[in-house]
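Chain by chain, the residues run as shown.
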Amino acid sequence: MEEAVGLGAVTVLAVLEQAYFSLQVIYARRKYSVSPPTTSGPPEFERVFRAQANCSEYFPIFVTLLWISGVFFNQGLSSVCGLLYLYGRLRYFWGYSVSAKGRLAPLYFSSQILWVLIGFSSIGVLLMFSQVYLNVDLLQELGSALGLS
Amino acid sequence: MEEAVGLGAVTVLAVLEQAYFSLQVIYARRKYSVSPPTTSGPPEFERVFRAQANCSEYFPIFVTLLWISGVFFNQGLSSVCGLLYLYGRLRYFWGYSVSAKGRLAPLYFSSQILWVLIGFSSIGVLLMFSQVYLNVDLLQELGSALGLS
Amino acid sequence: MEEAVGLGAVTVLAVLEQAYFSLQVIYARRKYSVSPPTTSGPPEFERVFRAQANCSEYFPIFVTLLWISGVFFNQGLSSVCGLLYLYGRLRYFWGYSVSAKGRLAPLYFSSQILWVLIGFSSIGVLLMFSQVYLNVDLLQELGSALGLS
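Just so we're clear, the structure is a prediction, and the values are computed from it rather than from any experiment.

### A look at the relation of the copies chain B and chain C
Here is step 1: Superposition record for chain B on chain C: RMSD 0.0 Å, screw rotation 120°, translation along axis 0.0 Å. Within this description, the copies of the chain are treated as partners about a three-fold rotation axis. Taking C-alpha positions as the reference, the residue of chain B nearest the rotation axis is P60 of chain B, at 3.4 Å.
Here is step 2: A distinct binding surface is used by each copy, with only 4% of the interface residues of chain B retained as interface residues in chain C.

Structure follows, in structure tokens:
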């Protein structure tokens, strides 16, 4: 797994970020006296709760894309996108904790990074698919078509 | 990863489907004027919200089973099941958006596909487990027992 | 994938446990007459619902850590931690179904196991990272520093 250690490192960071978010919900539950199983309370609590819920919901999608993109396309580019995404999520969580509006800019940023990872994953899978099943090296064909080789 | 490109393709499709569901929730939030962090509102909104939440909840379980079944059992069969599952989830989302009853038939269909993937995964892991740790090739043993070899 | 069959087996068990939790929510919906898309109702129902939601939320984090720790650190240790985690989650679900307090002890236990898996994953990724990118074998260096070799 030497060729995937960058993806592994970003994944561990992603888990640590989720752990941080979960702790913030526990603190918010104490601060605003909202005991489980209740999930509704003052808006201050609900924003923290929803911020963590939203990040949790996207965690598996992010990890899946990180690895598909890293394994089928390029590990370095995927790891960089991964770090940017985690940074965006941190700003999203902090922004949402302050106000519902504060979540928007970093949310758009994180979504854009996810779309980049979807693009990388699609390209990677498509290239390998045509190579394995159609016996066509699309990159080479593209190069020939453009007169590059 | 040539031998897993089919699983990669189905996984990318699964992410795109989740992206589609998320967009539908955003449209429903606008249509029924339900601003975050609120998650309750008219039943029309709540159905779309719950449909997406349910699909998100099952996304990691589905991706996990797809890959365990594909890697330990058979890539082709797992990929076909994966496509059927994604189709079932699409019909589930559309059905649930219309009425709570409309979600039932495609929900049962998706669940059955997941059970098939659980079966494939269990068989694949069991066969490899007995091969690696018990040094027994269960398929061969079964063949001998049935007088096939 | 012979070297990962233990992780595969624990993963299949984890999915089966989630299936069991989902069935309990369906039974609780029937028992307390809480029809989808509603998710609020008597505390008895809400506890079962939240117990399942919490386990679902942690499922992808658990599976991710199990595999990162198993692939980059040690499969045997990770699989044992995985089994302990699943046992802790079962006790958490049963405990939470009875009372909100009943969830606490097994929740702390499961969290501790996750932290152990985070530790294993971090060590494994760190060791391989320094080996691949810094060309330093940290374990050997540590041994030399301690005068062990």
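Now that the structure has been shown, we can carry on.
### Some words on the environment of E3 of chain A
Here is step 1: When you line up the elements, E3 of chain A lands in the segment before α1 (5-31).
Here is step 2: For the pair E3 of chain A and V71 of chain A, spaced 68 residues apart in sequence, the C-alpha to C-alpha distance is 8.7 Å.

### Quick look at the UniProt feature "transmembrane region" (unreviewed entry) in chain A
Here is step 1: Per the UniProt record, "transmembrane region" (unreviewed entry) is annotated on residues 58-86 and 107-129 of chain A.
Here is step 2: Across residues 58-86 of chain A one finds 93% helix and 0% strand; the C-alpha atoms that close the span lie 11 Å apart.

### As for the environment of P36 of chain A
Here is step 1: For P36 of chain A, the location among the structural elements is in the loop between α1 and α2 (43-72).
Here is step 2: When neighbours within four sequence positions are excluded, P36 of chain A is seen to be in contact with R29 of chain A together with Y96, A100 and R103 of chain C.

### Description of the packing of helix α3 (residues 75-98) of chain B against helix α4 (residues 104-133) of chain B
Residues and elements named next belong to chain B.
Here is step 1: At a closest axis distance of 8 Å, the pairing of α3 and α4 adopts a crossing angle of 160°. The orientation of α3 with respect to α4, classified from their angle, is roughly antiparallel. You can see that α3 and α4 cross each other, and the crossing is left-handed. Between α3, through L77, S78, C81, L84, Y85, G88, R89, R91 and Y92, and α4, the contact on the second element is made entirely by P106, L107, F109, S110, I113, L114, V116, L117 and F120.
Here is step 2: Counted by class, the contact of α3 with α4 contains 13 nonpolar, three polar and two charged residues.

### Digging into unusual backbone geometry
Residue and element names in this part refer to chain A.
Here is step 1: The backbone of N135 shows a phi angle near 60°, a positive value even though the residue is not glycine.
Here is step 2: Tracing the backbone through its elements, the reader meets N135 in the loop between α4 (104-133) and α5 (138-145).
Here is step 3: Given a relative accessible area of 71%, N135 falls into the exposed group.

Each value, and the rule that gives it
Residues numbered from 1 in each chain as written. Chains lettered and ligands numbered in written order. Predicted model: local features only at pLDDT ≥ 70, side-chain atom pairs only at ≥ 80, totals over all residues. Heavy atoms only, no water. Least-squares fit on C-alpha atoms with pLDDT ≥ 70 in both. Contact = heavy atoms within 4.5 Å. Helix = DSSP H or I, 4+ residues; strand = E, 2+ residues; numbered from the N terminus. UniProt positions renumbered as here; feature names shortened; annotations may be inferred. Axes fitted to C-alpha atoms, helices over the stretch in contact; angles between N-to-C directions. Parallel < 35°, antiparallel > 145°, perpendicular 65-115°, else oblique. Left-handed = near helix turned anticlockwise from the far one by under 90°. Nonpolar A, V, L, I, M, F, W, Y, C, P; charged D, E, K, R; others polar. Buried < 20%, exposed > 50% of the residue type's maximum accessible area, 1.4 Å probe, protein only.

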